Each structure stands twice: as C-alpha cells, then as structure tokens.
Amino acid sequence: VLRGTTNQFWRGTGFTATFRGSPGAIGSASNYPERWLMGFTSNIVTDYGLNEFSTYSTENLILLVRSSGLTNLHLLHAVAGSSPTLIDLGANFTSTATTTTVQYFYELVLTCDPGGSTISYSVARIDELAGAASAVASGTLSTNLPAAGTLMSPRVSGISLVNTGFGKQFRFHSLSLNIPV
C-alpha cells in the first residue's frame, strides 16, 4: 500500500519511481502556484510550500521544484544537515506561467539500484495537446544524497503565496513505483 504519510522507500532496496504532474491547470496561466514540487522526502509533516526550497537544510529530499524565485524548474536534492543542491534544468523547463507553458506536464523518473550510491534522474516536458515529449533533461546524482538507509515517502505539493482565493491549482497525473523483490 502506498501512503504519503509513511516513509517506506529507501536506496537500500533500490527503486524506480515515475512522477507525472504539472504546476497549473491547462490553459490558465493565472492558476499557477508560486511553489510546486514532486519527488521524495523523509519529512512527512513539513508543509514545503511555506518556505523557499533553497532554505531547506534539515530534510532528506530529492524533488523537482518550481519556485517564484527561480526562472526554470530545478531538481533539488539534499541530505539532512546540509544545504540543498539545485540543478537548473535549463530554458526548456521554464517555470514562468504562460498560456503556452500551462499545456505541459512533467515526468520525473528517479532510479536507484539496490544499495546504489547514485540516483539517476530524467525529467521530460510533455506537451499535453500533442502527447509527446518536447524536452528531456537527465543525469546522475552522486553527492548530497539521503543515506542509503534513510526511509522516504513520495510528496507532491503546491501553494499560492498570494491569497487570491481558491483558484491556484496543481495537477498530479500519476505515480508509479517499482521496487525489486
């Protein structure tokens, strides 16, 4: 059973996790949340939208993030007690809300071999209208990672920093996890 309120995934067993989501409602740039994330974290209590992502130093996490202070989407990873590492995914992954960018959703794939010392990532920008990937960024994380024995849970969150009612939205399409047996 997958529960976002229970830390149940760790590098020791290995995993492949695929997150699909978007920081806004299709066709509506005004509904983009100022902060949005999806990925893994070891803290199931923290409301991640309340603080700027780059300030986290007490969390174990691997997240795809959109922040009002960043021009592009970033991959953020950290071990508790250290400053997070931010990887800018580039201009093909702009975090600016326009009527064009809101038709995209993002697919984050994280892969770790059992007991692995690295985590591979791939982020694809999918054009929802065309149904095809229009940009892909990938790489391998080898430093500033949660310890192999640290349990984590999936997390998807979005928040508006401006109280303009209930119009701010984020979409979560799906999450699939494969854990070797």
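Presented here is an overview of the structure given in this document.

### Some words on the overall build of the chain
- Across its full length, the chain holds zero helices and ten strands.
- In sequence order, the chain lays out its α and β elements as β-β-β-β-β-β-β-β-β-β.
- Within the span of the chain, comprising 181 residues, buried residues form 47% of the whole.
- Sequence-distant contacts, at least 24 apart, represent 63% of the contacts inside the chain between residues at least 6 apart.

### Some thoughts on the pairing of strand E7 (residues 119-127)
- Extensive coverage of E7 is indicated by the burial of seven of its nine residues.
- Taken together, the eight bridges between strand E6 (residues 104-112) and E7 define a ladder with antiparallel strand orientation. By the bridge assignment, Val-109 is partnered in E7 with Ser-122.
- Between E6 and the antiparallel strand that follows it, E7, lie six residues; Gly-115 among them carries a positive phi value of about 70°.

### Quick word on the nonpolar core
- Ranked by size, the top nonpolar core spans 26 residues in total, and within it Phe-40, Leu-64, Leu-89, Phe-93, Tyr-106, Leu-108 and Leu-110 carry the most contacts.
- Where this core is concerned, the elements lending two or more residues are strand E1 (15-22), strand E2 (35-41), strand E3 (61-66), E6, E7 and strand E8 (132-141).
- The element that contributes the greatest number of residues to this core is E6, accounting for five residues.
- Apart from the residues within four sequence positions on either side, Leu-110 is in contact with Phe-15, Thr-16, Ala-17, Phe-19, Phe-40, Ile-62, Ile-119, Ser-120 and Tyr-121.
- Within the second largest apolar cluster, six residues are counted, among which are Leu-37, Leu-61, Leu-63 and Val-65.

### Here we look at the environment of Leu-63
- Tracing the sequence through the fold places Leu-63 in strand E3.
- Overall, Leu-63 belongs to the buried group, its relative accessible area being 1%.
- Dropping the residues within four chain positions of it, Leu-63 is found in contact with Leu-37, Met-38, Gly-39, Phe-40, His-74, Leu-75 and Leu-76.

### With respect to the pattern of salt bridges
- Under the defined criterion, the tally for this structure stands at one salt bridge.
- Across the salt bridge formed by Glu-107 and Arg-20, the nearest N and O atoms sit 2.6 Å from each other. Of this pair, Glu-107 sits in strand E6 while Arg-20 is found in strand E1, placing the two residues 87 residues apart along the sequence.
- When its relative accessible area of 27% is taken as the criterion, Arg-20 is described as partly exposed.

Each value, and the rule that gives it
Residues numbered from 1 in each chain as written. Predicted model: local features only at pLDDT ≥ 70, side-chain atom pairs only at ≥ 80, totals over all residues. Heavy atoms only, no water. Helix = DSSP H or I, 4+ residues; strand = E, 2+ residues; numbered from the N terminus. Buried < 20%, exposed > 50% of the residue type's maximum accessible area, 1.4 Å probe, protein only. Contact = heavy atoms within 4.5 Å. Pairing = 2+ DSSP bridges. Core = buried A, V, L, I, M, F, W, Y, C linked by side-chain atoms within 4.5 Å. Salt bridge = Lys/Arg side-chain N within 4 Å of Asp/Glu carboxyl O.

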